[in-house]
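Residue strings, one per chain:
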Amino acid sequence: MRPAAQGKIKLESPTVISQVERKFHEGKQYNGFECIRCENVPEFGIMSYTFRHLGTGTELWYLDRKDSNNVFSVNFRTTPFDSTGLPHILEHCVLCGSQKYPVRDPFFKMLNRSVATFMNAMTGPDYTMYPFSSMNETDYRNLQKIYLDAVFRPNLEYLDFLQEGWRLEHSNLKDKESEYVIKGVVYNEMKGAFSENSSIFGQNLLNNLLPDHTYGYVSGGNPLEIPKLSHANLVDFHRKYYHPSNARIYAYGSFDLNKSLACVNEEYLSKYEHIDNTYSRIPNQPRWNKPRNVHISSRFDNMGAPFEKQNQIAIALLMSDVTDIHETFVLYVLSELLVRGPNSPFYRNLIEPNFSGGYNQTTGFDPQIKDTFFCVGLQDLKVDDFGRVQELFDATVKEVIEKGFDAKHIESVLHNIELSLKHQSPQFGLGLLFNSTPLWNHEGDVVQNLRVSSMISNFRAQLQNDPQYLQKKMAHYFANNTHRLTLTMSPDDTYEDNFKTAELELLQKKIVALDHEKRTKIYENGLKLEEAQKAPPNLDILPCLKLSDVQEAPKLQPLDVVKVQNVPTQVCNVHTNEISYFKCYFDGSTLTQEEILLIPLFCNIINDMGTKNYDYRDFDKLVLSKTAGINFKLHFAENIYDSKTFDLGVLMTTHALDKNVDSMFDLSKELLLNFKMDDGERVKMLLDNYMSNISVGIASSGHLYAMQSCAGLVTDSAKLKSMLAGVEHIEYMKQFAHDNRIEQIMTKLKNLGEKLFNKKAMRNAVNTSEEFYPSFIKSYEKFLGDLPEQPVEKMENKVNLLEPSCQHFVMNIPVNYCAKALFTVPYTHRDHPTLKVLAKLISAKYLLPVVREQNGAYGAGAKIGSDGIFSFFSYRDPNSTKTLEAFDNTYQWLQENNSLLNEQTLFEAKLGVLQQLDAPIAPGNQGIDFFLYGVSQEMFLKYRARMLSVTMTELQQAVEKYFKAPPTYYGKCLLGPENKDLEAVTKLKWKVIN
């Protein structure tokens with residue numbers, strides 16, 4: 001996966017007028033394709049067309065929909081039979097230049113020549129996909145040409161393989177006598193990926209549950225296996241798996257499909273002949289006749305639980321074939337009933353006894369591969385409790401078979417699925433692609449899979465016809481299923497040392513095998529690669545948008561701010577597909593420092609405690625049967641005018657079908673007025689789970705944590721933000737939990753809520769349709785009328801600048817996350833859009849080529865926040881001081897490479913900024929920037945126009961003004977392994993936090 005990859009997108013739909021008129025007809029031919037199936041899918045306003053290419057048999061699936069955010073993707077079924085990361089490294093190399101576009105890494109170059117709303121490539125366990133989306137048709141056609149040429153006619157240059165995959169190289173390129181090191185973008189990416197224990201556990205679960213075919217291997221690559229891959233393997237794999245007969249092409253949206261069909265056929269598919277693609281089919285995993293147990297080791301996470309509790313366990317069962325759509329749906333519902341929330345039996349029996357840190361990340365139903373599976377896993381428990389987990393698992397299965405499920409619980413799960421079908425997302429086309437790919441990859445019926453309403457109806461009918469329906473499924477898939485894996489994992493103090501030793505042995509083995517000719521070749525290739533990396537790219541052959549293509553700003557829905565019972569209320573009347581969205585902000589400026597630091601914990605547990613009138617199980621059922629949930633989170637925003645003050649408080653969000661708005665407000669009111677903090681055991685359990693979860697994912701998002709901590713060295717407000725959401729929060733919470741008894745914690749949380757939930761300290765936002773608005777307001781007024789009002793004196797939270805400093809969080813991982821932050825100017829300052837453009841330019845022209853391509857980090861960049869903090873970062877980086885030096889040398893590089901600062905690079909940087917500014921917004925979130933940050937639509941349009949008008953002179957003035965002299969206020973931060981030479985090399989004092 002390339003940097004900036006996204007997680008799985010939920011299937012959520014923007015509203016659309018249903019289209020029944022047909023643009024294509026079954027049995028007819030269009031540009032070398034035959035239309036073989038047309039179907040209307042009214043619940044999503046989609047007309048689905050399936051085409052088959054007459055020459056190659058390639059399937060093309062088009063979803064015609066009145067959605068301006070159009071998607072295109074080419075997918076291949078890729079089945080590796082080793083763990084060298086072959087499909088993953090090929091995915092990187094494919095995007096490094098092609099026949100028509102022989103440019104070094106057109107993928108990264110196009111990031112700044114496009115206004116794509118999404119642009120990526122990703123390798124799954126059994127597929128590789130190349131998706132992009134754009135709202136601009138010129139841009140869409142440009143990217144389509146580049147992606148098609150990349151996948152079908154890549155150059156696959158040897159030097160690109162060395163850069164992206166792996167290479168032996170001298171530590172000093174110019175010195176033949178210097179030591180050899182292993183480098184490579186994917187090599188470092190996977191070292192970083194497996195520095196997260198949850199990744200090690202998840203990968204081993206898949207490999208051990210389905211060991212007999214492609215799923216027994218690591219498709220992304222095991223760092224110790226990657227150096228076994230040769231360039232010839234790569235070329236052969238492409239020839240075999242990237243044939244059009246093994247491809248599937250996806251198109252979604254409103255752009256003219258005929259143009260896409262013509263391009264795909266004439267330029268590419270017509271040049272190939274059909275081949276039989278059964279070689280890439282994946283058979284079902286042969287079922288075991290008895291359960292298996294596997295134990296693995298992991299690194300000790302020095303930020304996590306105590307050593308003796310840092311163990312994990314999961315019990316996984318193989319379920320149905322993914323192509324059995326109805327069964328997959330039933331198993332998904334069954335899984336939700338079993339694990340989600342306090343009414344689920346596994347939650348009751350495994351989580352509530354509180355002997356662990358809660359569910360781990362493998363928990364749930366996984367329909368991403370040929371054989372679906374269910375898993376329930378726990379993190380942070382003692383080895384002595386492994387046996388207890390297995391006993392409780394079996395007892396729970398037995399209990400469910402005997403007692404079944406509560407009818408209200410079933411309805412709340414089904415209601416949530418139905419609500420998600422109406423909920424609107426700006427990336428709906430991508431969501432469909434990601435959700436459909438695993439099924440499509442195995443020749444499943446993707447169109448039938450979209451008919452979720454009929455699956456829900458069938459499910460209800462089967463339940464009515466046979467009240468024992470779910471119990472029978474439990475007996476079949478759980479009680480009588482011998483294909484069951486129990487995976488356990490424990491930390492090993494020597495894990496990191498063992499990895500380093502194995503890496504060193506691998507390196508020595510490679511070195512011993514070198515003769516004089518190979519040594520000469522390595523030296524020459526190192527110089528050649530450096531030369532290629534530093535050579536000016538021939539960008540003229542890449543398409544690029546023009547200013548006229550992007551001049552027009554996106555259309556924004558009008559906002560109105562009214563006072564309802566003296567509460568400021570932002571109203572956005574927008575077509576919301578019969579859903580009303582409500583956001584409620586409570587100002588926290590009167591809270592004490594300790595209360596502020598408890599906000600994240602409070603937000604995490606308040607809706608899991610029940611209320612005075614409902615216990616937590618009944619309340620959870622009620623909330624999910626009427627709303628999408630009531631969620632709380634910390635909100636923190638610096639003043640966009642001067643960065644001298646900040647707002648801090650709690651944001652409550654919820655949404656419901658229009659017909660359930662009364663209930664939505666009643667339940668919100670019940671929670672705000674009657675929340676409980678009186679069950680010590682439950683608070684202790686929720687606190688332990690919270691503590692366990694906040695330390696997961698630090699390594700996978702290390703650059704974000706490094707930037708946050710770094711900003712905290714520049715201003716005291718950013719420092720507070722770090723204490724609330726950064727690495728520092730983990731230490732603070734450990735100390736807090738240690739110093740306070742549960743009774744004290746409950747009292748503090750109760751006081752915090754009572755102080756916070758005050759009508760005088762709130763402002764709200766509503767997004768609903770114009771037609772429903774009068775009804776909404778009636779319910780809203782009733783809700784407000786019952787809320788308590790206490791006089792409140794809003795305090796001003798002042799921001800102070802801090803003395804420069806550096807800090808290093810020592811982590812037991814093999815890669816670094818580096819950051820540097822400096823203070824510039826806030827959002828409304830005239831220079832802010834110029835600095836935003838400059839950040840894009842520095843990222844594309846300096847940091848990516850130097851820190852990523854030459855020095856081997858997986859990612860690097862620069863950005864500026866609305867608070868005026870300008871940050872540099874690197875991601876999964878084999879270096880530390882070298883990268884920090886690169887950050888410091890930005891001004892010098894800009895001076896030495898002044899020729900790169902021309903009108904074209906300036907415009908490309910502006911396009912990079914536009915991708916963020918013009919990103920599509922869901923109807924439920926229209927107006928959110930004004931509500932949360934005070935950025936009005938007029939300010940936004942002014943900012944956008946100002947950004948587009950930035951001149952070369954202004955850019956150079958900003959460089960001189962903000963980067964020439966060493967910054968007065970700055971910070972540097974590292975997350976990564978121990979580094980004893982840090983102070984000596986950087987000549988700076990570092991605060992080291994172990």
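Nothing here was measured: the structure is a model prediction, and the numbers come from that model.

Regarding the overall build of the protein
And step 1. For the protein, the helix and strand inventory stands at 37 helices and 29 strands.
And step 2. A compact globule built from 994 residues would reach a C-alpha radius of gyration of about 30 Å, and the protein, at 28 Å, matches this within 12%.
And step 3. Principal-axis analysis of the C-alpha atoms places the extent of the protein at approximately 80 × 65 × 60 Å.
And step 4. Considering the protein as a whole, with its 994 residues, one finds that 61% of them fall into the buried category.
And step 5. Long-range contacts, defined here as pairs at least 24 residues apart, represent 82% of the contacts in the protein between residues at least 6 apart.

Structural notes on the sheet that holds strand β12 (residues 292–299)
And step 1. Strand order in the open sheet made by the 5 strands is β12-β16-β13-β15-β14, with mixed pairing throughout. The open sheet has two edge strands, β12 and β14 (364–366), and neither has a second partner. Each strand of the sheet is rotated relative to its neighbour by a mean of 25°, with strand direction disregarded.
And step 2. Of the pairings in the sheet, the one linking β12 to strand β16 (residues 484–492) comprises 8 bridges and is parallel in character. Note that in β16 the partner of Val-294 across the bridge is Leu-487.

Structural notes on the side chain of Arg-113
And step 1. Mapped onto the elements, Arg-113 comes out in the loop between α2 (106–110) and β6 (118–119).
And step 2. Reaching out from Arg-113, the side chain makes a polar contact with the backbone oxygen of Leu-539 at a distance of 3.3 Å.
And step 3. A distance of 2.9 Å separates a polar atom in the side chain of Arg-113 from the backbone oxygen of Leu-542.
And step 4. With residues up to four places along the chain from it excluded, the contact list for Arg-113 reads Asp-139, Leu-539, Leu-542, Pro-543, Cys-544, Leu-545, Gln-904, Glu-908 and Leu-911.

Side note on the domain arrangement of the protein
And step 1. When the domains of the protein are assigned, the result is domain 1 (28–197 + 221–282 + 510–534), domain 2 (301–425 + 435–491), domain 3 (560–701 + 713–786) and domain 4 (805–992).
And step 2. Placing a centre on the C-alpha atoms of domain 1 and another on those of domain 2 gives a separation of 33 Å.
And step 3. Contact residues are listed per partner, giving 25 residues for domain 1 and 21 residues for domain 2.
And step 4. Taken as a group, Glu-43, Trp-61 and Arg-248 account for 27% of the area that domain 1 buries against domain 2, more than any other trio of residues on that side.
And step 5. Taking the shortest distance from any N to any O, the salt bridge between Glu-443 and Arg-281 comes out at 3.1 Å.
And step 6. If you look at where domain 1 meets domain 2, you find 14 residue pairs in polar contact (both at pLDDT 80 or more).

Things to note about the pattern of salt bridges
And step 1. Counted under the stated rule, the structure contains 63 salt bridges.
And step 2. Taking the shortest distance from any N to any O, the salt bridge between Lys-748 and Glu-594 comes out at 3.1 Å. Of this pair, Lys-748 sits in helix α28 (residues 742–756) while Glu-594 sits in helix α20 (residues 593–597), and the two are 154 residues apart along the sequence.
And step 3. Residue Lys-748 is classed as partly exposed on the basis of its relative accessible area of 21%.
And step 4. Residue Arg-741 is joined to Glu-743 by a salt bridge in which the shortest nitrogen-to-oxygen separation is 3.7 Å.
And step 5. One salt-bridge network, held together by shared partners, links Arg-37, Glu-39, Asp-445 and Arg-451.

Things to note about the side chain of Gln-937
And step 1. You can see Gln-937 is positioned in helix α35 (residues 937–948).
And step 2. A polar atom in the side chain of Gln-937 sits 2.6 Å from the backbone oxygen of Gln-557.

Section: the packing of aromatic side chains
And step 1. Evaluated as defined, the whole model comprises 57 aromatic pairs.
And step 2. Taking 6.2 Å as the distance between ring centres and 85° as the angle between the ring planes, the aromatic pair formed by Tyr-30 and Phe-51 counts as edge-to-face. One end of the pair, Tyr-30, is in strand β1 (residues 29–30); the other, Phe-51, is in strand β3 (residues 46–53), with 21 residues separating them in the sequence.
And step 3. Judged by relative accessible area, which is 13%, Tyr-30 ranks as buried.
And step 4. On the basis of relative accessibility, which here comes to 0%, the residue Phe-51 falls in the buried class.
And step 5. Each member of the aromatic cluster is reached from another via a ring pair, and the members are Phe-76, Tyr-130, Phe-152, Tyr-242, Tyr-268 and Tyr-272.
And step 6. One residue, Arg-682, lies across the ring of Tyr-616, its end atom 3.5 Å from the ring centre.

What about the pairing of strand β21 (residues 645–657)?
And step 1. Burial of β21 is extensive: 11 of the 13 residues sit out of reach of the surface.
And step 2. Both strand β19 (residues 579–587) and β21 contribute to a ladder of 9 bridges, which runs antiparallel. Within β21, the position partnered with Cys-584 by the bridge is Met-652.
And step 3. Two successive antiparallel strands, strand β20 (residues 631–638) and β21, enclose a turn made up of 6 residues, where Ser-643 displays a positive phi of approximately 55°.
And step 4. Where β21 and strand β23 (residues 797–798) come together, 2 bridges link them in antiparallel fashion.

With respect to the sheet that holds strand β27 (residues 869–875)
And step 1. Pairing in this open sheet of 6 strands is mixed, and the strands run β26-β27-β25-β28-β24-β29 from one edge to the other. The sheet is open, and its two edges are formed by β26 (859–864) and β29 (990–993), each paired on a single side. Ignoring strand direction, the axes of neighbouring strands in this sheet form an average angle of 15°.
And step 2. Here β26 pairs with β27 via 6 bridges, running antiparallel. Bridge assignment links Gly-859 to a residue of β27, and that residue is Tyr-875.

Some details on the packing of helix α24 (residues 680–694) against helix α27 (residues 727–739)
And step 1. The N-to-C vectors of α24 and α27 enclose an angle of 155°; their axes lie 10 Å apart at closest approach. Comparing the axis directions of α24 and α27 gives the class roughly antiparallel. Crossing geometry of α24 relative to α27 is assigned as left-handed. Every residue of α27 that contacts α24 at Leu-687, Tyr-690, Met-691 and Ile-694 is listed here: His-729, Ile-730, Met-733, Lys-734 and Ala-737.
And step 2. Of the residues in the contact of α24 with α27, the class split is 7 nonpolar, 1 polar and 1 charged.

Digging into empty space enclosed by the protein
And step 1. According to the stated counting rule, one finds 9 cavities of 30 Å³ or more in the structure shown.
And step 2. A volume near 270 Å³ is recorded for the largest cavity.
And step 3. Looking at the lining of the largest cavity, the elements with two or more residues in it are α6 (197–209), β12, β13 (311–321) and β15 (371–381).
And step 4. Grouping the amino acids of the lining of the largest cavity by side-chain chemistry returns 8 nonpolar, 13 polar and 4 charged.

Quick notes on unusual backbone geometry
And step 1. Phi at Glu-443 takes a positive value of approximately 60°, unusual for a residue other than glycine.
And step 2. Along the polypeptide, Glu-443 turns up in the loop between α13 (428–441) and α14 (446–449).
And step 3. Judged by its relative accessible area of 41%, Glu-443 is partly exposed.

Scoring rules and cut-offs
Sequence order as written defines the numbering, with residues in each chain counted from 1. Confidence filtering applies because this is a predicted model: local features only for residues at pLDDT of at least 70, side-chain atom pairs given and counted only at 80 or more, and all residues used for totals across whole chains, interfaces and linings. Derived side-chain values reflect all non-hydrogen atoms in the structure, with water molecules and hydrogen atoms excluded from consideration. For the purposes of this entry, the term helix denotes a DSSP run of H or I that reaches at least four residues, the term strand denotes a run of E that reaches at least two, and both are numbered from the N terminus. Radius of gyration: C-alpha atoms only; globule rule: 2.2 Å multiplied by the number of residues to the exponent 0.38. Categorising residues by exposure relies on relative accessible area from a 1.4 Å probe, with only protein chains included: less than 20% of the type maximum marks a residue as buried, more than 50% marks it as exposed, and the intermediate range marks it as partly exposed. We call two residues in contact when some of their heavy atoms are within 4.5 Å. Between any two strands, pairing holds if DSSP finds at least two bridges. Lines fitted to C-alpha atoms define the axes here, with helix axes fitted over just the stretch in contact, and angles between the N-to-C directions of these axes take values from 0 to 180 degrees. Between N or O atoms, a polar contact is any pair within 3.5 Å; within protein, one atom must be a potential hydrogen donor and the other a potential acceptor, and residues adjacent in sequence are included only when both atoms are from side chains. Residue ranges for the domains trace back to a domain assignment, done automatically or taken from a database. Summed over both partners, buried area is the accessible surface (1.4 Å probe) that two parts give up on being assembled. Salt bridge, as used here: a side-chain nitrogen of Lys or Arg that lies within 4 Å of a carboxyl oxygen of Asp or Glu. Any two of the Phe, Tyr and Trp rings considered here, Trp counted by its six-membered ring, make a pair once their centres fall within 6.5 Å; the pair's planes then place it as stacked at under 30 degrees, edge-to-face at over 60, or tilted in between. Lysine NZ or arginine CZ positioned within 6 Å of the ring centre and within 35 degrees of the ring normal marks a charge as sitting over the ring. Every angle not falling under 35 degrees, over 145, or within 65 to 115 is termed oblique; those three ranges are roughly parallel, roughly antiparallel and roughly perpendicular. In this scheme the handedness of a crossing depends on how the near helix is turned from the far one: anticlockwise by less than a right angle means left-handed, clockwise means right-handed. Residues were grouped as follows: Ala, Val, Leu, Ile, Met, Phe, Trp, Tyr, Cys and Pro as nonpolar; Asp, Glu, Lys and Arg as charged; and all remaining residues, including Gly, as polar. A pocket here means an open set of points on a 1 Å grid, computed over the protein atoms alone, that has protein on both sides within 12 Å along at least five of seven lines. A cavity is instead a set of points where a 1.4 Å probe fits but cannot get out; residues with an atom within 4 Å of a point line either one. Grid points are joined across faces, edges and corners, and a volume is the space filled by probe spheres set on the points.

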